[in-house]
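Here is what each chain is made of, one letter per residue.
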Amino acid sequence: MTLPPACEPAPIHWSGKRALDLAVAVILVLLLLPVMVFLAILVRWGSPGPRLFIQERVGQHGRVFRMVKFRTMRPNAESETGPVWAEESDPRCFPLGLWMRRTGLDELPQLFNVLKGEMSLVGPRPERPCFVQVLEQQFPHYARRHVAMVGITGLAQVRGYRGCTDIRKRLTADLCYIRKWSLWMDLRILVATVRVFLISLISPIAASASSVPVVEVPKLFSSLTGEGLGGERSL
């Protein structure tokens, strides 16, 4: 795999990014806490079992942490399949859980991971250790995405690359984000994430392609991706 030069990782000014994370996360937790409580009640109503799902993920510099989210699948969903990526209309999900995955509401508890300093609001999505081990063998540059703090949302996600989507496109988007990072870029990705969320609420068909629907935002990201995402074909 040949990595486009524009996607070579560069250092990120973590102090400014962390300050933005804390400020926004505190505000969102205060505003959305009633919503999270309501969703937790609905999860228990929709499927017997725990309200939250805690899973080990690989974070910045390869450190493993426990990521929390609302449970969207039936208990012991991987007892027959083993570790696999979630699919479109995954049969392991109960109806409410499938809707929460499509809208991204299942990720809300990760705001507490952000407050703990384990995640950022914006960054490459964290993967499971078993997946990372395989992907690092298949893609020599995959480990470079661990330079950054992992995020609840990211450039790859607002472009629709999530779950069972092309890992090469996700990797390219992640590395381009690291290379071109700025606080302004994070803010624009957050705005795009809100837009994607609203579209997923009013358009279930658009949301069916992946956990986060594919939404083209050329005007928003033309100055961010530019040469970088144009290099996907060389992967």
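Just above sits the structure.
Predicted, not measured: the structure shown is a model, and the values here were computed from it.

Thresholds applied
- Residues numbered from 1 in each chain as written.
- Predicted model: local features only at pLDDT ≥ 70, side-chain atom pairs only at ≥ 80, totals over all residues.
- Heavy atoms only, no water.
- Helix = DSSP H or I, 4+ residues; strand = E, 2+ residues; numbered from the N terminus.
- Expected span 1.5 Å × (residues − 1).
- Buried < 20%, exposed > 50% of the residue type's maximum accessible area, 1.4 Å probe, protein only.
- Salt bridge = Lys/Arg side-chain N within 4 Å of Asp/Glu carboxyl O.
- Patch = residues over 30% accessible without salt bridge, like charges linked within 9 Å, V, L, I, M, F, W, Y side chains within 5 Å.
- Areas by Shrake-Rupley, 256 points an atom, 1.4 Å probe, with all protein chains shown as cover.
- Core = buried A, V, L, I, M, F, W, Y, C linked by side-chain atoms within 4.5 Å.
- Contact = heavy atoms within 4.5 Å.
- Axes fitted to C-alpha atoms, helices over the stretch in contact; angles between N-to-C directions.
- Pairing = 2+ DSSP bridges.

### A word on helix α6 (residues 167–180)
One full turn of an α-helix is made of 3.6 residues, so residues set three or four places apart face in the same direction.
So, point 1. Here α6 is 14 residues long and its end C-alpha atoms lie 20 Å apart, about the 20 Å a rise of 1.5 Å per residue gives.
So, point 2. Restricting attention to buried positions, one finds in α6 the residues Ile167, Arg170, Leu171, Thr172, Ala173, Asp174, Leu175, Cys176, Tyr177 and Ile178.

### Concerning the pattern of salt bridges
So, point 1. All told, the structure shown has 7 salt bridges when counted by the stated rule.
So, point 2. Measuring nitrogen to oxygen at the nearest pair gives 3.9 Å for the salt bridge that ties Lys69 to Glu107. Here Glu107 lies in the loop between α2 (95–103) and α3 (110–115) and Lys69 lies in strand β2 (residues 64–70), a separation of 38 residues in the sequence.
So, point 3. By relative accessible area, which is 8% here, Lys69 ends up buried.
So, point 4. Take Glu107: its relative accessible area is 4%, and that puts it in the buried class.
So, point 5. Among the salt bridges present, the one from Lys116 reaches Glu118, with a minimum N-O distance of 3.5 Å.
So, point 6. Salt bridges linked by common partners bring Lys69, Asp106, Glu107 and Arg125 together as one network.

### Focus on a nonpolar patch on the surface
So, point 1. A surface patch of nonpolar side chains, amounting to about 680 Å² of accessible area, comprises Leu22, Val26, Leu30, Leu33, Val37, Ile41, Phe112 and Leu115.
So, point 2. Contributions of two or more residues to the nonpolar patch are made by α1 (14–46) and α3.
So, point 3. A total of 6 residues in the nonpolar patch trace back to one element, the largest contributor, which is α1.
So, point 4. Taking the relative accessible area as the measure of exposure, Val26 reaches 40% and is therefore partly exposed.

### Comments concerning the nonpolar core
So, point 1. Ranked by internal contacts, the top residues of the largest apolar core, which has 32 residues, are Met119, Leu121, Tyr142, Leu155, Tyr177 and Ile189.
So, point 2. Looking at this core element by element, the count peaks at 6 residues for α6.
So, point 3. For Tyr177, the contacting residues outside a window of four places in its chain are Lys17, Val122, Gly123, Pro124, Leu155, Met185, Asp186 and Ile189.

### Notes on the packing of α2 against helix α7 (residues 183–202)
So, point 1. Here α2 crosses α7 at 145°, and the two axes come no closer than 8 Å. Along the contact surface, α2 presents Trp99, Arg102 and Thr103, while α7 presents Phe197, Ser200 and Leu201.

### Remarks on the environment of Ala143
So, point 1. Here Ala143 lies in the loop between α4 (129–138) and β4 (151–153).
So, point 2. Its relative accessible area of 39% is what places Ala143 among the partly exposed residues.
So, point 3. As for Ala143 and His61, which are separated by 82 residues in sequence, their C-alpha atoms are 8.7 Å apart.

### With respect to the pairing of β2
So, point 1. The buried fraction of β2 amounts to 5 of the 7 residues, a majority that puts the element mostly inside the structure.
So, point 2. Here strand β1 (residues 52–58) pairs with β2 via 7 bridges, running antiparallel. In the strand pairing of β2, Phe53 is matched with Lys69.
So, point 3. Where β1 folds back onto β2 in an antiparallel hairpin, the turn is made up of 5 residues, including His61, whose phi is positive at roughly 60°.

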